[in-house]
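# Analysis of the macromolecular model
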Amino acid sequence: MDAYTPTYTDVTDWNYIVYQNTTGSRSKKIITHPENGDEYFFKGSKELPDGEIRYPTEFWSEIVSSKIGQYLKFNILDYNIAYNEEGTQKIGCLSKSMVSNSENKLTEGKVYLTGYKSSYNPEKDKKDYTFQFIRKTLSSFNYEGYIKNLLEIIVFDALIGNSDRHQENWGIITNFNQTIQDFNEKINKNNDRWYKNWGLKFLKNLAIIQSEKFKKDLFTISKKTDLIIESDLMRNYFSPIYDSGCCLGREFNIDKVKKMLIDKQMQNKYIRKGVSEIHWEGKDKKLNHFELIKLLQHEYPEEIKLLINKVAKIFKSEHIKVIVNNIDKNLPKELKIHKLPIERKELMVKLINLRFNKLLELI
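Since the structure is predicted, the reported quantities are computational estimates derived from the model, not experimental observations.

From N to C terminus, the chain includes 13 helices and nine strands. Its C-alpha radius of gyration of 22 Å places the chain within 12% of the 21 Å reference for a compact globule of 363 residues. For the C-alpha atoms alone, the extent of the chain along its principal axes is close to 75 × 50 × 40 Å. Looking at the chain as a whole, 51% of its 363 residues qualify as buried. Look at the contacts in the chain between residues 6 or more apart in sequence, and 69% of them connect residues 24 or more apart. Surface summary for the chain: the accessible area is close to 18400 Å², and the carbon and sulfur share equals 49%. In the chain, the 58 positive side-chain charges and the 49 negative ones have mean positions that sit 4 Å from each other.

In this section: the nonpolar core. Where a protein is soluble and globular, its nonpolar side chains tend to be buried together. In terms of nonpolar packing, the biggest core is built from 83 residues, with Phe131, Leu296 and Leu359 touching the most fellow members. Take this core: its biggest share by element is ten residues, from helix α4 (residues 147-160).

Attention now moves to a nonpolar patch on the surface. On the surface, a nonpolar cluster with roughly 350 Å² of combined accessible area is contributed by Trp198, Phe202 and Leu203. Tracing the sequence through the fold places Phe202 in helix α6 (residues 198-215).

It is worth spelling out the pattern of salt bridges at this point. Scanning all chains against the criterion turns up 17 salt bridges. Of the charged contacts, one joins Lys43 and Glu62 as a salt bridge, the two residues approaching to 3.2 Å between their closest N and O atoms. Here Lys43 is found in strand β4 (residues 39-46), whereas its partner Glu62 is found in helix α1 (residues 58-71), with 19 residues between them in sequence. For the pair Lys43 and Glu62, one class covers both residues: buried. Its salt-bridge partner being Lys136, residue Glu281 comes within 3.8 Å of it at the nearest N-O pair. With a gap of 145 residues between them, Glu281 in the loop between α9 (264-273) and α10 (289-299) and Lys136 in helix α3 (residues 131-140) connect regions that are remote in the sequence. The class of Glu281 is partly exposed, set by a relative accessible area of 45%. Here the salt bridges share partners, and the residues they tie into one network are Lys43, Glu62 and Asp243.

The rules behind these values
- Residues numbered from 1 in each chain as written.
- Predicted model: local features only at pLDDT ≥ 70, side-chain atom pairs only at ≥ 80, totals over all residues.
- Heavy atoms only, no water.
- Helix = DSSP H or I, 4+ residues; strand = E, 2+ residues; numbered from the N terminus.
- Rg over C-alpha atoms; globule rule 2.2 N^0.38 Å.
- Buried < 20%, exposed > 50% of the residue type's maximum accessible area, 1.4 Å probe, protein only.
- Contact = heavy atoms within 4.5 Å.
- Areas by Shrake-Rupley, 256 points an atom, 1.4 Å probe, with all protein chains shown as cover.
- Lys, Arg positive; Asp, Glu negative; His and termini not counted.
- Charge placed at Lys NZ, Arg CZ, Asp CG, Glu CD.
- Core = buried A, V, L, I, M, F, W, Y, C linked by side-chain atoms within 4.5 Å.
- Patch = residues over 30% accessible without salt bridge, like charges linked within 9 Å, V, L, I, M, F, W, Y side chains within 5 Å.
- Salt bridge = Lys/Arg side-chain N within 4 Å of Asp/Glu carboxyl O.

Next comes the structure, spelled out in structure tokens:
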């Protein structure tokens, strides 16, 4: 289980990029490694406009979710512990950037949804954020193959109880450099006269143009034509699962945690009331995670069965307990005030086990 124990990194002296914006409601900064220049995200817990840290242990839920996801072989971003002596939030989670600014970009789901339907307003039309809408959008850009990734996210969210899988918490990564290299290889392997390669050269130049637009930050508002070009021409892949910290009782104060630990009715009610951010067409209210999966089973019975069976094959309660208990093992002694309280760890383990059993009931 050592492979799922988070590392600890002091990022106080790393380089902080102040000119880049990141989405989401949590305190998040882009930083670069002082030796190799690799980009990372340093993220704390939810911060209100007045500076209040609303859920101080939320970053721990992110780390726990990441390590549990890795253990269960989900395609998930790796989060570890980081410390910034000069930060407003000194302790948080650290993740390496999924993209390199010189090579590729992450296009969040919101961009595709609004590109497919220009009248869609993510802030006002929240009930329209349905599985069916996402599916239609993906299909319109020839991304039908990524529906399986969406199903994987929904099953994972059911396991941890993540209630915030909004349009900015999933996306597709476009790799410009690899696409250009692919075209170069095809052109070099083709021994035909140059004029017979004009089609490949034209597509390569189109890829270069898209890459340059990205480097010059001309994608502030992505046009539908850009999205189509990238989906049809570029090498791309669905992003790893990321931003999964809205789960595992992170919103409870310690007194509520202690009370819930000894009250099974409270635990079951909490799981029952936990809802998915992804809606279902024709339903006015959000569904809880397991209701959503039940509906999906009618359309994707084999896919859902495979996903749950994959979890069941690996899942061992004693392993979950070890992972959670060791989550702050590498935190230095002088920072023990930031450790995750044992009661929270116990509740996390209980909730994950209960949710796992709920998943098993579906097959």
